[in-house]
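Residue-level listing of the chains:
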Amino acid sequence: MSVFSERPRWAGLTDVGKVRSANEDAFVVEPPLFAVADGLGGHQAGEVASEVATDALLDAAPKRADAVALGRAVISANRAVIKAARDGRGRSGMGTTMTAVMTQGTRLAVAHVGDSRAYLLHEGVLSRITEDHSLVAEMIRGGEITERESRFHPMRSVITRALGSDARLEVDAFDVQAEQGDRLLLCTDGLHGMLDDDRIQAVLASLTDPGEAARTLIDAANDAGGQDNITVVVVDLAEGEPDARRPSRRMRATLAMLAWVVAALAVVGAGAWGAYAYAQSRAFIAEEGGRVVLYRGLPGEFAGITLHWKVEETDIPVASLRPNDASRVRGGWAVDDIDAGRALLDKYRRDLGGAPESFPATTTQ
Ligand code: MN
């Protein structure tokens, strides 16, 4: 399914790929707003998540390219996904990535969560303007694996931030100043997981028409295996007044059944999502630099992979806790959930401030 502008300046295209039975991606092309969303959760919940999120983004998006306001729109999209799960639409644990850009001539406001990407092609050279929030991206940054190895890593689909999992979602929001003639690409991992950046650059640099470029990228991702849903938005940037918001041209791929399904790949994806979703529901308190820190996820590591994300650093010295609590915290103390963890932190703060006689030697501030 596709939408093309009449003056060809932008194009949006999504494809189910060659392996999945349904398309859980969604995209928005409503100039000056452009976005892609990659739904996660399986059993059609991912489809609900990406649709709810893009609907909410459209409702909440600012009129002009303002990164802070766009970031806030992504946060309301997050709330909408959490609420939809609570109301029985989709299912709990569903989530979605979101990479949104508002253009104002060549100025871009970007808001981003997850492992979908925004790229900019400038004078034939492609660069990424978003950072993946994924386990393999963290492993690459930590020097544990290479970019190439990440493509085949069993945990490649585990993302460390998604809409739908945490009301206090952190959104990357920033401005980018592009130049006349630059080309913006938004895509889900069904594209960048199948094609390396050099391939993507070669296509974007060689085809003038955005629609043709988008089509060629999708075809190339399918030729490379099409292991996931593929979504591509290509926008040619030009100086001048921003386009007026037009009637909605947001499109969603319809559920498309393929004659053959490589189930094993879907199972890998579902297993990774399951591990991620389970870890997201857990929390623990640990020590870092002598202070108490709250984490979401599971302590320790499994086969070299960590599944935890720091939620809150505190000034509470571990040494100020009751000896029992202190030793549990030092070992990574699992609590029921984030709320239980926060309640415990509050209690420790109260103990610190309110009852110094209990621990006279350890209060620091
Ligand atoms: Mn995907």
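Residues numbered from 1 in each chain as written. Predicted model: local features only at pLDDT ≥ 70, side-chain atom pairs only at ≥ 80, totals over all residues. Heavy atoms only, no water.

Trainee: Looking at this structure, I do not really get the coordination of the manganese ion. What am I missing?
Mentor: Octahedral six-donor coordination of a metal ideally yields angles of 90 or 180 degrees, compared with 109.5 degrees for tetrahedral four-donor coordination. In the first shell of the manganese ion, the protein supplies Asp38 (OD), Asp189 (OD) and Asp228 (OD), at 2.0 to 2.2 Å from the metal. Ordering the donors of the manganese ion by residue number gives the pattern D-x150-D-x38-D. Placement of the pair is Asp189 in helix H5 (residues 189-192) and Asp228 in the loop between helix H7 (210-223) and strand E12 (230-236), with a sequence separation of 39 residues. Take Asp189 and Asp228: they sit in the same class, and that class is buried. (Donors = N, O, S within 2.8 Å, 3.2 Å for Na, K, Ca; no water. Helix = DSSP H or I, 4+ residues; strand = E, 2+ residues; numbered from the N terminus. Buried < 20%, exposed > 50% of the residue type's maximum accessible area, 1.4 Å probe, protein only.)

Trainee: What am I meant to see in helix H1 (residues 45-60) here?
Mentor: An α-helical turn contains 3.6 residues, so a residue and the one three or four places further along point in the same direction. Given a rise of 1.5 Å per residue, 16 residues ought to cover 22 Å, and the 22 Å separating the end C-alpha atoms of H1 matches this to within 8%. Those residues of H1 that sit buried are Ala45, Gly46, Glu47, Val48, Ala49, Ser50, Val52, Ala53, Thr54, Ala56, Leu57 and Leu58. Those residues of H1 that are buried lie in contact with strand E3 (25-30), strand E4 (33-40), helix H2 (67-86), strand E5 (95-96) and strand E6 (98-104). (Expected span 1.5 Å × (residues − 1). Contact = heavy atoms within 4.5 Å.)

Trainee: Please explain the pairing of E12 as it appears in this structure.
Mentor: Taken residue by residue, a regular strand's side chains alternate between the two faces of the sheet. Most of E12 is tucked away: seven of the seven residues are buried. Of the two faces of E12, the one holding Ile230, Val232, Val234 and Asp236 and the one holding Thr231, Val233 and Val235 are both buried throughout. Bridge count for strand E2 (residues 10-15) against E12 is six bridges, and the pairing is antiparallel. Paired with Thr14 across the two strands is Thr231, which belongs to E12. Across five bridges, the pairing between strand E11 (residues 183-187) and E12 is antiparallel. Looking at E12, one finds that Leu185 is bridged to Val234. (Pairing = 2+ DSSP bridges.)

Trainee: What am I meant to see in the layout of surface pockets here?
Mentor: With a probe scaled to a water molecule rolled over the atoms, the places where space remains empty come into view. In this model, the second largest pocket occupies a volume close to 550 Å³. Taken together, 25 residues line the second largest pocket, and the ones lying closest to its centre are Gly164, Ser165, Asp166, Gln280 and Arg296. At the level of secondary structure, the elements contributing two or more residues to the lining of the second largest pocket comprise H2, helix H8 (263-281) and helix H10 (338-354). With five residues, the top contributor of residues to the lining of the second largest pocket is H8. (1 Å grid on protein atoms, 1.4 Å probe; cavity = no way out; pocket = protein on both sides within 12 Å on 5 of 7 lines; lining within 4 Å. Points joined across faces, edges and corners; volume = space filled by probe spheres on them.)

Trainee: Help me understand the packing of helix H6 (residues 197-206) against H7 in this model?
Mentor: Helices that pack against each other are described as a pair by the angle of their axes relative to one another and the distance between those axes. Running from N to C, H6 and H7 point in directions that differ by 150°, and their axes come no closer than 9 Å. Of the possible angle classes, the one that applies to H6 and H7 is roughly antiparallel. Considering only the axes of H6 and H7, their crossing is right-handed. Contacts between H6 and H7 involve Arg199, Ile200, Val203 and Leu204 from the first element and Ala213, Thr216, Leu217 and Ala220 from the second. Its residues assigned to classes, the contact of H6 with H7 shows six nonpolar, one polar and one charged. (Axes fitted to C-alpha atoms, helices over the stretch in contact; angles between N-to-C directions. Parallel < 35°, antiparallel > 145°, perpendicular 65-115°, else oblique. Left-handed = near helix turned anticlockwise from the far one by under 90°. Nonpolar A, V, L, I, M, F, W, Y, C, P; charged D, E, K, R; others polar.)

Trainee: How should the pairing of E3 be read in this particular structure?
Mentor: In terms of burial, E3 is largely enclosed, as six of its six residues are buried. The side-chain alternation of E3 yields two buried faces, one formed by Asp25, Phe27 and Val29 and the other by Ala26, Val28 and Glu30. The pairing of E3 with E4 spans six bridges and is antiparallel. By the bridge assignment, Glu30 is partnered in E4 with Leu33.

Trainee: Before we go on, may I ask you to explain helix H9 (residues 323-330) in this structure?
Mentor: What H9 keeps buried is the set Asp325, Ala326 and Val329. Buried residues along H9 cover an arc of 100° about the axis, so they all sit on one side. The exposed set on the far side of H9, more than 90 degrees from its buried face, consists of Pro323 and Asn324. Residue Gly332 follows H9 closely and has a positive phi angle near 85°. (Arc of directions from axis to C-beta.)

Trainee: How should I be thinking about the nonpolar core in this particular structure?
Mentor: Nonpolar side chains in soluble globular proteins tend to be buried together. Among the nonpolar cores identified, the biggest contains 32 residues, and Leu33, Leu57, Leu70, Val74, Met94, Met98 and Leu163 are the most heavily contacted of them. Elements represented by at least two residues in this core include exactly E4, H1, H2, E6 and strand E7 (107-113). Residue contacts for Leu33: discarding those within four places in its chain leaves Val28, Leu57, Leu58, Ala61, Leu70, Val101 and Met102. In this structure, Leu13, Leu126, Leu204 and Leu217 belong to the second largest nonpolar core, which totals 23 residues. (Core = buried A, V, L, I, M, F, W, Y, C linked by side-chain atoms within 4.5 Å.)

Trainee: Any chance you could explain the environment of Val232 here in plain terms?
Mentor: Among the structural elements, Val232 can be located in strand E12. Put simply, Val232 and Phe27 are 205 residues apart on the chain and 8.3 Å apart in space, counted from C-alpha to C-alpha. Sequence-distant contacts of Val232, that is, excluding residues within four places in its chain, are made with Ala11, Gly12, Leu13, Leu185, Leu186, Leu191, Ala214, Leu217 and Ile218.

Trainee: Explain the confidence of the model for the protein chain to me, please; I cannot follow it from the model alone.
Mentor: When pLDDT is low, close inspection of the predicted coordinates is not appropriate. The pLDDT averaged across the protein chain works out to 84; a share of 84% of its residues lies at or above 70. Taken as a whole, residues 245-265 scores under 50 in pLDDT and shows 58 contacts with residues more than four places along the chain or in a different chain. (pLDDT = per-residue confidence, 0-100.)

Trainee: Help me out: how do you make sense of the packing of aromatic side chains in this one?
Mentor: Overall, the coordinates contain two aromatic pairs when judged by the stated rule. Taking the centre distance of 6.4 Å and the plane angle of 65° together, the rings of Trp10 and Phe34 count as edge-to-face. Pair noted here: Trp10 is in strand E2 and Phe34 is in strand E4, with a separation of 24 residues, a long-range link. In this structure Trp10 comes out as buried when scored by relative accessible area, which is 3%. (Phe/Tyr/Trp six-rings, centres within 6.5 Å; stacked < 30°, edge-to-face > 60°.)

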